[in-house]
Amino acid sequence: MATAVVDDQQPHTLQGVIDQKTLKWVFCGGKGGVGKTTTSCALAIQLARVRESVLLISTDPAHNLSDAFGQKFGREAAKVNGFDNLSAMEIDPTSSMQEMIEQSEQQGGAMAPFMQDLAFAIPGVDEAMGFAEIMKLVKSMEYSVVVFDTAPTGHTLRFLSFPSVLEKALAKFSTFGRSLGPMFSQMSSMLGGGNGGSPDDMFGKLESMRQVITEVNTQFKDETKTTFVCVCIAEFLSLYETERLIQELTQYGIDTHAIVCNQLLYPKPGSTCEHCRVRKAMQDKYVDEMLDLYAEDFNVVRVPLLTEEVRGSQKLAGLSEYLVKPYEPTQA
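Residues numbered from 1 in each chain as written. Predicted model: local features only at pLDDT ≥ 70, side-chain atom pairs only at ≥ 80, totals over all residues. Heavy atoms only, no water.

Student: Before we move on, can you summarise the pairing of strand β1 (residues 25-30) with the specific residues and values?
Tutor: For β1, a buried count of six out of six residues is recorded, marking the element as mostly surrounded by other parts of the structure. Here β1 runs beside strand β5 (residues 145-149); their pairing, made up of four bridges, is parallel. Bridge assignment links Phe27 to a residue of β5, and that residue is Phe148. Taken together, the six bridges between β1 and strand β6 (residues 226-233) define a ladder with parallel strand orientation. Bridging across to β6, Trp25 finds its partner in Thr226. (Buried < 20%, exposed > 50% of the residue type's maximum accessible area, 1.4 Å probe, protein only. Helix = DSSP H or I, 4+ residues; strand = E, 2+ residues; numbered from the N terminus. Pairing = 2+ DSSP bridges.)

Take a look at the structure:
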């Protein structure tokens, strides 16, 4: 996996990610509660300034995009207020398989029991097939770049493993299912299912998914098309999860060369707040560790803790400036 060439004398920003016009997929992820959603929204806003069209997707079951922008988003892409070329949507990767099962049942087909077995045949395959449906939908929209606001680290890593898992699973299911096709057709006829939910329909859909996943899998491992922005705060557990995430991304072959460290304290000169002093000393220690570990190959972007809640397009746009222009605390 290629790494960024980082100049230690230059301030670290996400400008390189924003300027990389070949990028198609940008992931933001990290430990829960570190500001992934805020970061992904801010990054999407910056990308919307230089790209023709940007789609921001939440794959976290605890959706926060609606809260962040102060407008309701759902499974259909909708324009973000104040932007002509930025859209957002919130989706649940676990729902698509269940919908396929329910659709088969409603059509009176005999495939529903088989679909149910298929859903539990491989751990996580229901989420993986939901992922495939997401990617089919996103690819049909043809946005110039897609930003993923992902679930916490463990879910994110599972999400990124779906292409490989699903590619193997669908190939197995397709081969197995087609060999049993005549039996399913006979069962469907005996149960009065007619043509609803026929094996050919279902396996055709699985094959279509497999093709999409094969293509996406290739693109995710292409550093010119995909990158992952790790989001953290300056605390031990967050730093630990960031290291775990980076190691896993490296194993998956997914490019990552940027870390956003949120919620950093910069007390005003002359401040007598003991809590602030102690907290900043702790943060400084972990920021130094982060720079020792990653500064050579990563851009470590430092974002300050603000005194007001960051909600709505205007405040998110303001925060987004810290991704491209380093925060400069007032000097004593």
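Having seen the structure, we can now continue with the description.
Student: Help me get a handle on the side chain of Lys24, residues and values and all.
Tutor: Considering the arrangement of structural elements, one finds Lys24 in the loop between α1 (15-19) and β1. Of the side chains with opposite charge, Glu142 comes closest to the buried, unpaired Lys24, at an N-O distance of 7.9 Å. Sequence-distant contacts of Lys24, defined by excluding residues within four places in its chain, comprise Glu142, Tyr143, Ser144, Val145, Val146, Gln219 and Lys225. (Lys, Arg positive; Asp, Glu negative; His and termini not counted. Salt bridge = Lys/Arg side-chain N within 4 Å of Asp/Glu carboxyl O. Contact = heavy atoms within 4.5 Å.)

Student: I'd love a proper account of the UniProt feature "binding site: Zn(2+)" (unreviewed entry) in the protein, names of residues and values included.
Tutor: This chain's UniProt record puts "binding site: Zn(2+)" (unreviewed entry) on Cys273 and Cys276. You can see Cys276 is positioned in helix α11 (residues 274-294). Among all residues touching Cys276, those that are not within four sequence positions of it are Leu265 and Pro267. (UniProt positions renumbered as here; feature names shortened; annotations may be inferred.)

Student: Outline the pattern of salt bridges, listing residues and values.
Tutor: Scanning the entire structure with this criterion turns up six salt bridges. Arg49 is the partner of Glu321 in a salt bridge, and the nearest nitrogen-oxygen pair spans 2.5 Å. Taken as a pair, Glu321 in helix α12 (residues 313-324) and Arg49 in the loop between α2 (36-48) and β2 (54-58) lie far apart in primary sequence, 272 residues in all. Assessed through its relative accessible area of 47%, Arg49 is described here as partly exposed. Note that Lys315 is salt-bridged to Glu308, the shortest N-O span being 3.8 Å. Accessibility expressed as a relative area gives 37% for Lys315, which makes it partly exposed. Judged by relative accessible area, Glu308 falls into the partly exposed class, the value being 48%.

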